[in-house]
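As a plain string of letters, each chain reads:
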Amino acid sequence: MATLFTGIAELTTNADAAAPTATIEDAALLIDAGRVAWVGAAADAETAAAARDSGLSSTSRASAAVSRSEVEVVDLGGRAVIPGFVDSHTHLVFAGDRADEFEARMTGVPYAAGGIRRTVAATRAATDDELRARLAALVAELHAQGTTTFEVKTGYDLTTPGEERLARLAAEVTDEVTYLGAHVVPEGTDRASYVDLVCDRMLDAVRPHVRWVDVFCERGAFTEAESERILRAGAEAGLGVRVHGNQLGEGPGVQLAVRMGAASVDHCTHLTDADIAALAASDTVATLLPGVEFSTRQPYPDARRLIDAGVTVALASDCNPGSSFTSSMPLMIALAVREMGMTVGEAVWAATAGGARALSRDDVGHLGPGARADLVVLDAPSRRHLPYRPGVPLVHRVYRGGEVLSPR
Ligand code: NIG
Ligand code: FE
């Protein structure tokens with residue numbers, strides 16, 4: 001059965017190539033078989049329906065779809081609708097937390113990559129069911145906040161059977177699983193032999209469950225040469241490439257990502273002019289993770305500089321227990337607008353269409369005809385309320401593939 005949504009005060013579709021951040025006021029949206037069939041002004045939807053009732057022919061897709069099947073009308077009562085959020089960077093499979101590190105950072109202790117090893121110890125000690133239960137709770141948290149597509153990385157075990165386990169559990173909740181065996185060199189392990197393992201046996205073990213390979217190319221984690229070797233091994237095994245780069249300081253991550261044709265390079269907090277020029281001349285998305293700067297008291301990435309240079313920017317949560325333990329895409333939008341120089345339209349685009357680009361997906365992140373019907377209905381008349389009312393739960397209802405995902 002088709003559903004016609006009416007009473008949409010403001011609709012964001014990301015589907016107008018000439019005006020990517022534009023909205024439609026007083027809009028309607030028709031979905032059929034889990035996909036968007038038609039979007040436009042509410043007045044046009046009525047005309048289309050009337051044409052059908054009076055037997056007049058119409059070329060409108062709305063009337064075509066409406067006349068094909070029974071239509072349920074859902075009046076959204078003057079609320080705003082945006083595409084479901086696409087969170088292209090999370091680390092959701094882990095045990096324990098590191099709230100003590102967060103508290104220490106707030107009094108001046110700097111963030112260091114080494115904290116990852118504490119989560120590794122807790123994760124190795126957890127049973128499958130414990131990890132599954134934690135993961136399910138986090139996924140419910142994402143859904144309730146409007147996220148309808150999300151990526152999950154491995155990287156909190158760092159042994160071959162353990163990374164295979166994390167990849168397998170992640171694949172139970174998403175198709176977008178990333179192999180991050182190269183998160184940090186585990187304690188008591190020789191660097192060179194660990195890099196060999198990541199490129200070889202560990203890669204073979206996770207391969208059936210994953211779509212992407214990633215590496216933490218940073219001081220305290222992996223060097224440029226190590227990162228390149230790992231990414232090449234993943235690419236040769238058929239995986240798409242993504243990189244954690246330029247989080248803690250300027251470094252080789254961005255240039256490496258561009259050189260490797262990565263779908264995305266994530267963090268991009270410390271960039272040189274040459275990094276920005278390289279990104280602008282590439283198809284690599286710069287994924288900004290402002291939850292990290294919030295939670296580690298670092299300066300925010302300069303989104304304005306990137307966008308003005310012509311770089312495609314995405315926003316993601318980086319939900320993880322060390323550097324950003326939040327799953328809230330509305331918070332990312334608020335930080336992007338308040339702290340990073342993005343307009344509201346740019347921030348909403350980056351959290352939806354930008355995330356889809358970062359995952360090389362064209363079926364999500366927008367509400368043009370043919371898109372998967374992933375919708376967030378806001379308890380607000382405009383998307384402006386996302387940054388304007390920070391911390392307020394504004395998500396009224398979430399649909400994925402035309403079905404209600406939240407509240408259950
Ligand atoms: O994206 N940068 C590497 N990984 C995470 C942090 C993981 C952790 O501290 O546990 C990140 O910030
Ligand atoms: Fe991360």
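Quantities reported herein were computed from a predicted structural model and do not represent experimental measurements.

Time to look at the overall build of the protein chain. Tallying secondary structure elements over the protein chain gives 16 helices and 15 strands in all. Relative to the compact-globule value of 22 Å for 408 residues, the protein chain shows a C-alpha radius of gyration of 22 Å, a close match. When the backbone C-alpha atoms are referred to their principal axes, the protein chain occupies close to 75 × 40 × 40 Å. Considering the protein chain as a whole, with its 408 residues, one finds that 57% of them fall into the buried category. Put simply, of all contacts in the protein chain between residues at least 6 apart along the chain, 70% involve residues at least 24 apart.

For the rest of this paragraph, the subject is the confidence of the model for the protein chain. Close inspection of predicted coordinates is inappropriate in any region flagged by low pLDDT. The predicted model of the protein chain averages 95 in pLDDT, with 94% of residues at 70 or higher. Note on residues 55-59: pLDDT is under 50 here. Beyond four places in sequence and across chains, it has three contacts.

Assignment of secondary structure puts Leu256 in helix 10 (residues 253-259). Measuring from C-alpha to C-alpha, the distance between Leu256 and Ala225 comes to 9.5 Å, with 31 residues separating the pair along the chain. Here Leu256 is in contact with Cys217, Glu224, Ser227, Glu228 and Leu231, once residues within four sequence places are set aside.

The iron ion (ligand 2) binds to the protein through His89 (NE2), His91 (NE2), His244 (NE2) and Asp318 (OD); the donor distances cover 2.1 to 2.4 Å. On the primary sequence, the residues serving as donors to the iron ion (ligand 2) are separated as H-x1-H-x152-H-x73-D. Of the two residues examined, His89 and His91, each falls in the buried class.

Two elements in contact, helix 5 (residues 128-144) and helix 6 (residues 160-171), have axes separated by 11 Å at closest approach and are oriented at 40°. Looking at the two axes, helix 5 sits oblique to helix 6. The handedness of the crossing between helix 5 and helix 6 is right-handed. In contact with Asp128, Leu131, Arg132 and Leu135 of helix 5, helix 6 contributes Arg165, Leu166, Arg168, Leu169 and Ala170.

Our focus in this paragraph is the pattern of salt bridges. Applying the stated criterion across every chain yields a total of 26 salt bridges. Among the ionic pairs, Arg259 bridges to Glu228, the shortest N-O distance being 2.8 Å. Of this pair, Arg259 sits in helix 10 while Glu228 is found in helix 9 (residues 224-236), placing the two residues 31 residues apart along the sequence. Here Arg361 makes a salt bridge to Asp363, at a shortest N to O gap of 2.8 Å. With a relative accessible area of 18%, Arg361 lands in the buried category. Overlapping salt bridges, with partners in common, bring together Arg98, Asp100, Glu101 and Arg118 in one network.

Note that Arg242 resides in strand 9 (residues 240-245). Within the structure, Arg242 has its side chain in polar contact with the backbone oxygen of Ala358 (distance 2.9 Å).

What counts and what doesn't
Residues numbered from 1 in each chain as written. Chains lettered and ligands numbered in written order. Predicted model: local features only at pLDDT ≥ 70, side-chain atom pairs only at ≥ 80, totals over all residues. Heavy atoms only, no water. Helix = DSSP H or I, 4+ residues; strand = E, 2+ residues; numbered from the N terminus. Rg over C-alpha atoms; globule rule 2.2 N^0.38 Å. Buried < 20%, exposed > 50% of the residue type's maximum accessible area, 1.4 Å probe, protein only. Contact = heavy atoms within 4.5 Å. pLDDT = per-residue confidence, 0-100. Donors = N, O, S within 2.8 Å, 3.2 Å for Na, K, Ca; no water. Axes fitted to C-alpha atoms, helices over the stretch in contact; angles between N-to-C directions. Parallel < 35°, antiparallel > 145°, perpendicular 65-115°, else oblique. Left-handed = near helix turned anticlockwise from the far one by under 90°. Salt bridge = Lys/Arg side-chain N within 4 Å of Asp/Glu carboxyl O. Polar contact = N/O pair within 3.5 Å; in protein donor to acceptor, adjacent residues only side chain to side chain.

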